[in-house]
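Descriptive structure summary
Listed below, chain by chain, are the residues.
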Amino acid sequence: MTLNEIRARLQAEIPGCQVDLVVNGSPSAQNSLLIDRQHGLEAARVLRGLELDYCSNVTAVDWLERVQSDKIKSKQVVDGVEKEIEQTVKTTIPGYLEVVYHLFSMSKKEGPVVLRMRTGNRTDDVALPSLTPVWRSAEFQEREAFDLYGIVFDGHPDLRRILMWEGFADYPMRKDYVPPPDDDLETLGER
Amino acid sequence: MTQVAPPEAEQNNLMELSMGPQHPSTHGVFRMDVRLDGERVMRLKPVFGYLHRNHEKIAETASYLAAIPYTDRLDYLCSMTNNWGYALAVEKLAGLSVPERAEYIRVIVAELTRLQNHAGMVGFLLQDMGASGTPLMYAFRERERVLDLFESLSGARMMCNYMRFGGVRVDCSAEWLGQAAQLVAGFGGFLDEFEQLLTGNEILMARTQRVGVLSSELAINAGVTGPGLRASGVNYDVRKVDQYGIYDRFPFRVPLGEHGDVFDRYMMRVLEMRETLKILEEALRDIPSGPIMDPKARLRGLRPKVGEAYGRIESPKGELGFYLISDGTPNPYRYRVRPPSLINLTVLEDMCLGHNIADVVVILGSIDIVMGEVDR
Amino acid sequence: MVHSLPITPPAEHPWATIVVLLGAAVVFGAIPLGMARLWARFVSPAKPGLQKNATYECGLEAKGDAWVQLDVSYYLYAIVFLIFDVEAVFLLPFAAAFSGLSLAACLAMLVFLLLLVEGLVWACQKGVLTWS
Amino acid sequence: MDQDLKTELSKHGIFATSFEELYNWGRKNSVWPLTFGLACCAIEMIATTMARYDLARFGAEVFRPSPRQADLMIVSGTVTKKMAPQVVRLYNQMPEPKYVIAMGACAISGGPFRDGYNVLKGIDRFIPVDVHIPGCPPRPEALIHAFMALQEKISAQQLTGESRPRHLKQELPSEFPVPEFGEHGLEPAQNDEVFRNPLKVLQG
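Overview of the structure. As the structure is a computational prediction, the values presented were derived from the model and not from experiment. (Residues numbered from 1 in each chain as written. Chains lettered and ligands numbered in written order. Predicted model: local features only at pLDDT ≥ 70, side-chain atom pairs only at ≥ 80, totals over all residues. Heavy atoms only, no water.)

1. Focus: the nonpolar core
Grouped together as the largest cluster of nonpolar side chains are 211 residues, with contacts concentrated most on A:Tyr101 and D:Met73. Broken down by element, the residue count for this core peaks at 14 residues, all from helix 5 (residues 100-128) of chain B. Sequence-distant contacts of A:Tyr101, that is, excluding residues within four places in its chain, are made with A:Cys55, A:Asn57, A:Val58, A:Val113, A:Val114, A:Leu115, A:Met117, A:Pro129, A:Leu131, A:Ala138, A:Glu142 and A:Phe153. Ranked by size, the runner-up nonpolar core spans 20 residues in total, among them D:Cys41, D:Ile101, D:Met103 and D:Ile133. (Core = buried A, V, L, I, M, F, W, Y, C linked by side-chain atoms within 4.5 Å. Buried < 20%, exposed > 50% of the residue type's maximum accessible area, 1.4 Å probe, protein only. Helix = DSSP H or I, 4+ residues; strand = E, 2+ residues; numbered from the N terminus. Contact = heavy atoms within 4.5 Å.)

Here it is as structure tokens:
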């Protein structure tokens, strides 16, 4: 089943579920489906119904706030002559945390269907629905996403830190994490 | 003095015990918090993180080429297959092709890695079962032969750092291929000797049959991959499914188990070794000559276009995947490893409940975990 | 004629060799232990500590208590073993003197054996030795 | 008793020795390591005990799982911050005289994973280390060389006088404080009595 069929199927089965296609720039052409958070779990159940019985990989990605400048050609009248001017419009995209699920079908031996969900922002609104009730292979990987990125998975059976110790306070894999200055030989000089 | 209720464990007379980070049976620094009723396991919670060396954080600050030596240290028993998994992902990301001879060399060294890993696994499994030393000696004798081949090829025994995206680093000489063929010819004899000693042994059968049974539905749902999944009867081998590299040219069969217990997982390893020998014989026979590196692959300053790619291979432990997101700069924006050992441990508790604590050791040995890959 | 004394000079006491051997064994065992104790007292000082004497649990702080009520079947298992351990002790002299015994003695021993084996069969049927 | 007289005597089958030599000879040839594999170096350590490299020739093939019966701790692999308290506690629970071999670049200084947030930059921040073996992983021959270096160190120890080893001095501790898990890292980050920071030594 191609991605567009799956997308149509999802929109048909779950009213009001917003699914859009994220095009992948690399030659691997593994495009993905971005699903809004509210209908994440139902979409997962529908996909599970489509024989996608194996969730191979769950990855958390930390997208910082970034400024995207893209050139827009616009026709403008400049001192009476219509000319095409290129304007670079700088749009700042707010940062968010994202979880990517790679789903496969073991029965039909079909390639990856990539599912993405994004949180509201990077600080307080970081909740996402957990897909562990649908695919149990996501249990440890979601705990790792919680541990290293701080994404809270609602409905996860046992959401605890998996790699760092319990009392650890930061989310170390985030892009803006600064590790504590262990008494490092290089940093000794300027301490 | 208010009477504080004893913790839930003491209430129904369960002993709280942790088979902790330093334990002879845990194949590295893995910890299991076990609650025992006498000797039977009532609850088992694995604890990870004692070897979390921040592989992904370091790889995200390093260039694509610099991440390759780190992949050696993921599953430090099979460095060649880790390299191949990473190289495959980068080739998908950057759209590189691999010349014919390099593909053949990749299959040869990957299958040699599978041989020494499965031999080591059987040796360690018997060690967990109490046959301390002897089977491991036989297994490591064969493993040393394979490590000699890797050392003469790549320069290092365990950390080969051998593959590059777009090919391999060093060409193998005809004399090396002869030695490899000699090893493959002799390996069958070792396997017969091993099987004659082990497979028919009543103690092994008594200790492993109907122990740690894993149903195929639970295996699929919990994402178990590799020999553990095929022992439960699910025909899923990434070499056959994705047919990456040139695996479609080699007619090898995929062994399947029926009961999904420890004995089936042991048999999977032994039968897979025999299939690997077939692949190696054919690959060593018709390896072509030619370049070993894709000429247009830039190693040092690789800047793949913005995009992402997920590449996966059948490592001896299961499906090892690398998910790379590139933002056009020389280092990956996101570098993620799909660890088969960690995900195979999801069902450890389901397999161990109700068994004795001695069986927990054997079940953990049959899953074959390596902590470098579990904790990354 | 000199009457020889009715009592013959006693050959060394029949148990003497065993006593000498026993003494040698004890001394042979005691020498290294004694040296170790003297060494520990005079040369290498004892350094007990809080962490050193803590119970070892795979590197972690031992939590919980091992003094837990165990299943009764372990106790029954131990009792059945004890019975047959004692029985084996009785069999030893019987086996040693077996060739010189009369039929009656063998029969008596057989009764002893059968009584205990019958107890074992009953225990097995009651399922004492196997528990789910 | 000078050396050439001893060799002359030993040619005729007479062995003259001192109590100290006998004591050290007995201890250095039966060093029992602790079963303590952390990471990749542990596989190389196991390969060293196997038939081909045969650590048994040095009397050290008996790997004791419990620290109570071990007198050598081979720190073979990366010591992470989550594992550091356990390593120090195990070292404390070993009876004197005890020795530590820091096997591999990770145990010496954090190695290739040095700038990881969860990696301790070398075990000599918390416990004294006797022999360092560079390598990643060090070859089995390097581990055997470390055993020979340790044996030389043991045979050079004096039983009396000021330069007695640590375990013969009452005032030197046989225990080191176990670090706690803090909010952002280990508290304390390292143990200053034990850790001789090379840079400070150079500056100081």
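2. Observations regarding helix 2 (residues 19-28) of chain D
Since there are 3.6 residues in each turn of an α-helix, residues three or four apart along the chain are aligned in direction. Taken together, the buried positions of helix 2 of chain D are D:Tyr23, D:Asn24 and D:Arg27. Across the axial projection of helix 2 of chain D, the buried residues extend over an arc of 90°, all falling on one side. On its buried face, helix 2 of chain D sits against helix 1 (16-42) of chain C together with strand 2 (99-103) and helix 6 (140-155) of chain D. (Arc of directions from axis to C-beta.)

3. Re the interface of chain B and chain A
Across the boundary between the two partners, chain B contributes 46 residues, which contact 45 residues of chain A. Roughly 3700 Å² of surface becomes buried between chain B and chain A when both sides are summed, with 55% attributable to carbon and sulfur atoms. Applying the counting criterion to the chain B and chain A interface returns 5 salt bridges. Measuring nitrogen to oxygen at the nearest pair gives 3.6 Å for the salt bridge that ties A:Glu144 to B:Arg336. For the interface between chain B and chain A, the tally reads 29 residue pairs in polar contact (both at pLDDT 80 or more). The element best represented in the side of chain B that touches chain A is strand 6 (residues 307-315) of chain B, accounting for 5 residues. (Buried area = accessible area lost by both parts, 1.4 Å probe. Salt bridge = Lys/Arg side-chain N within 4 Å of Asp/Glu carboxyl O. Polar contact = N/O pair within 3.5 Å; in protein donor to acceptor, adjacent residues only side chain to side chain.)

4. Regarding the sheet that holds strand 6 (residues 96-105) of chain A
Residues and elements named next belong to chain A. One open sheet accounts for 5 strands, arranged 1-2-7-6-3; its pairing is mixed. For this open sheet the edge positions go to strand 1 (19-22) and strand 3 (54-63), each flanked by a neighbour on one side alone. On average, each strand axis in the sheet is inclined to that of its neighbour by 25°, with strand direction left out of account. Relative to strand 2 (residues 32-35), strand 1 runs antiparallel, the two sharing 4 bridges. By the bridge assignment, Asp20 is partnered in strand 2 with Leu34. Packed onto the sheet, helix 3 (residues 138-149) meets strand 3 and strand 6 and runs at close to 10° relative to strand 3. (Pairing = 2+ DSSP bridges. Axes fitted to C-alpha atoms, helices over the stretch in contact; angles between N-to-C directions.)

5. A word on the environment of B:Lys278
Residue and element names in this part refer to chain B. Within the secondary structure layout, Lys278 lies in helix 12 (residues 262-285). Look at Lys278 and you get partly exposed, because its relative accessible area is 36%. Sequence separation of Lys278 and Glu111 is 167 residues, and the distance between their C-alpha atoms is 10.0 Å.

6. As for the packing of aromatic side chains
Following the criterion strictly, the structure yields 27 aromatic pairs over all chains and no others. Between A:Trp165 and D:Phe181, the aromatic rings sit 4.8 Å apart at their centres with planes inclined by 15°, giving stacked as the arrangement. You can see A:Trp165 sitting in the loop between strand 9 (152-154) and helix 4 (185-188) and its partner D:Phe181 sitting in strand 4 (residues 180-181), one on each of two chains. Centroid distance C:Trp39 to D:Phe19: 5.8 Å. Interplanar angle 45°. Geometry classified as tilted. With C:Trp39 in helix 1 and D:Phe19 in helix 2, this pair bridges two chains. For C:Trp39, a relative accessible area of 18% gives the class buried. (Phe/Tyr/Trp six-rings, centres within 6.5 Å; stacked < 30°, edge-to-face > 60°.)

7. Some points on the packing of helix 5 of chain B against helix 12 of chain B
All names here are of chain B. Between helix 5 and helix 12, the least distance of the axes is 9 Å, while the angle of their chain directions is 155°. Considering their axes alone, helix 5 and helix 12 lie roughly antiparallel with respect to each other. Note on packing geometry: the crossing formed by helix 5 with helix 12 is left-handed. Between helix 5 and helix 12, the contacting residues are Tyr104, Val107, Ile108, Glu111, Leu112, Arg114, Leu115, His118, Ala119, Met121, Val122 and Leu125 on the first element and Val262, Tyr266, Arg269, Val270, Glu272, Met273, Thr276, Leu277, Ile279, Leu280, Ala283 and Leu284 on the second. Looking at the contact of helix 5 with helix 12 residue by residue, the class counts come to 18 nonpolar, 2 polar and 4 charged. (Parallel < 35°, antiparallel > 145°, perpendicular 65-115°, else oblique. Left-handed = near helix turned anticlockwise from the far one by under 90°. Nonpolar A, V, L, I, M, F, W, Y, C, P; charged D, E, K, R; others polar.)

8. Focus: the packing of helix 7 (residues 174-198) of chain B against helix 12 of chain B
All names here are of chain B. Relative to each other, helix 7 and helix 12 sit at 155°, their axes nearing to 10 Å. Taken together, the axis directions place helix 7 and helix 12 in an arrangement best described as roughly antiparallel. The hand of the helix 7/helix 12 crossing is left-handed. Listed contacts from helix 12 to Leu177, Ala180, Ala181, Val184, Phe187, Gly188, Leu191, Asp192, Glu195 and Leu198 of helix 7 are Tyr266, Met267, Val270, Met273, Arg274, Leu277, Leu280, Glu281 and Leu284. Here the residues of the contact of helix 7 with helix 12 are counted per class, giving 14 nonpolar, 1 polar and 4 charged.

9. Let's talk about the pattern of salt bridges
Throughout the structure, instances matching the rule amount to 57 salt bridges over all chains. The residue A:Arg136 makes a salt bridge to B:Asp350 at a minimum N-O spacing of 3.0 Å. Here B:Asp350 lies in helix 14 (residues 348-352) and A:Arg136 lies in the loop between strand 8 (127-129) and helix 3, a pairing that spans two chains. For B:Arg334, the salt bridge identified is with B:Glu56, shortest N-O distance 3.3 Å. Taken together, the positions of B:Arg334 in strand 8 (residues 334-338) and B:Glu56 in helix 2 (residues 55-61) put the pair 278 residues apart, joining distant regions of the chain. Residues B:Arg334 and B:Glu56 agree in their burial class; the two are buried. Among the charged side chains, a network of salt bridges with common partners joins A:Glu144, A:Lys175, B:Glu56, B:Glu60, B:Arg334, B:Arg336 and B:Arg376.

10. Considerations on unusual backbone geometry
A cis geometry characterises the amide bond from D:Glu96 onward to D:Pro97, with omega recorded as -20°. For D:Pro97, the position within the fold is in the loop between helix 4 (84-92) and strand 2. The omega torsion across D:Cys136 and D:Pro137 is -5°, close enough to zero to call that bond cis. Inspection of the secondary structure puts D:Pro137 in the loop between strand 3 (131-133) and helix 6. The phi dihedral of A:Ala29 falls on the positive side, at around 50°, and the residue is not glycine. Along the polypeptide, A:Ala29 turns up in the loop between strand 1 and strand 2.

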